[in-house]
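# Geometric and topological summary
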Amino acid sequence: ISQQLVRRHGLSLQEARGCCHFVDSRGLVCAARLHELQHHKLPFAHDRSFLPDLESAVRQLQPSVLIGVAAQPGAFTPSILRVMSQHHARPFVFPLSNPTSLAECTARQAFEATEGRAVFASGSPNAPLQLPGGRQVFPAQANNAYVFPAVGHAAVITRCSSIPDAVFLEAAEALGAMSTTQQLAHGELFPPLSQIRAACEHLTAHLVQFMVASGLGQLPEGVAEAPGDVQGWLGVVRQRCFAPSAAAGEVAAGGRVQQQQPAARQLVVADSKL
């Protein structure tokens, strides 16, 4: 998150880290706890007064975004969510812990506590909701199944030399841009999982373009000149996608799936390299 703030908003790394605060099992990560903190927490140990728990931290720091990754069910209490909504018109609430039984809150709890104003995404699926006034929302699921296949496939296609954080930042930004204004109004921050294949194809095309343009990767074999846009790269990607439905049809017809074998071998090689 701090790297994206640097990349997109021109902050220094120190300024960006200052926008991010962490609360662990002992309270707010801060400079007063330097002697006991693990090394990965030290860059975020800001010079602030110690706060003993999440609710006191939310009341004092007034964050606009709340992310849960500690598998502490119920950690995002209605009280905490109401405090956020008092300070922000659209509080971002992301209980990302899996499975559902360990989620920090449910979609219903988030929308009820914020009077329907939350921007919500969870690690586990939540059923569609009907809010007061008749508005229907489809809570987003922030699942790495969108990004990981696209990153891996793009790396294989371009023979990418490395996969730095910039690739994942590029992937996240491209994924976030896929939803229409209408979908966003109904809480759909990402394409529906029912459309994940098409979403991954477009995301792969975007990342192939980025890897080639940035020098991380090479032009794919058989491509003499880089297409001018993502739509052009999409054709390149689709030619290199494995189609299990086609393979199943050949098997059902008693045929042999010889045409699919190169793609299958490519996937195995990708796994061994990455």
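Our subject is the structure that appears above.
The model shown is predicted, which means the values in this text are computed figures rather than measured ones.

### A short note on the overall build of the chain
Across its full length, the chain carries 12 helices and eight strands. The burial tally for the chain puts 37% of its 274 residues in the buried class. Residue pairs at least 24 apart in sequence account for 58% of intrachain contacts in the chain once pairs closer than 6 positions are excluded. Surface exposure of the chain reaches about 15,400 Å², of which carbon and sulfur atoms provide 55%.

### Topic: the pairing of strand β4 (residues 92-95)
In this sheet, β4 lies alongside strand β3 (residues 65-68) in parallel orientation, the contact comprising four bridges. Its bridge partner lying in β4, Val65 is registered against Phe92. Pairing of β4 with strand β5 (residues 119-122), which is carried by two bridges, proceeds in the parallel orientation. Note on β5: the bridge partner recorded for Phe92 is Val119.

### Describing the packing of aromatic side chains
Taken as a whole and judged by the stated rule, the model has five aromatic pairs. Between the aromatic rings of Phe92 and Phe94, the centroid separation amounts to 6.1 Å while the plane-to-plane angle is 80°, which identifies the pairing as edge-to-face. By relative accessible area, Phe92 is classed as partly exposed at 33%. The buried category is assigned to Phe94, whose relative accessible area is 18%. One Lys or Arg, Arg17, reaches over the ring of Phe44 and ends 6.0 Å from the middle of that ring.

### Some remarks on the pattern of salt bridges
The final tally for this structure, using the stated rule, is 12 salt bridges. The shortest N-O distance in the salt bridge between Glu170 and Arg7 comes to 2.3 Å. Of this pair, Glu170 sits in helix α7 (residues 165-176) while Arg7 is found in helix α1 (residues 2-9), placing the two residues 163 residues apart along the sequence. The class of Glu170 is buried, set by a relative accessible area of 14%. Here Arg33 ties to Asp24 by a salt bridge, and the two come within 2.9 Å at their closest N and O atoms. Each member of the pair Arg33 and Asp24 is classed as buried. Look at the salt bridges and you will find they share partners, linking Asp24, Arg26, Arg33, Glu36 and Lys41 into a network.

Parameters at a glance
Residues numbered from 1 in each chain as written. Predicted model: local features only at pLDDT ≥ 70, side-chain atom pairs only at ≥ 80, totals over all residues. Heavy atoms only, no water. Helix = DSSP H or I, 4+ residues; strand = E, 2+ residues; numbered from the N terminus. Buried < 20%, exposed > 50% of the residue type's maximum accessible area, 1.4 Å probe, protein only. Contact = heavy atoms within 4.5 Å. Areas by Shrake-Rupley, 256 points an atom, 1.4 Å probe, with all protein chains shown as cover. Pairing = 2+ DSSP bridges. Phe/Tyr/Trp six-rings, centres within 6.5 Å; stacked < 30°, edge-to-face > 60°. Lys NZ or Arg CZ within 6 Å of the ring centre and 35° of its normal. Salt bridge = Lys/Arg side-chain N within 4 Å of Asp/Glu carboxyl O.

Interpretation note: all reported values are geometric properties and have no functional meaning in isolation.
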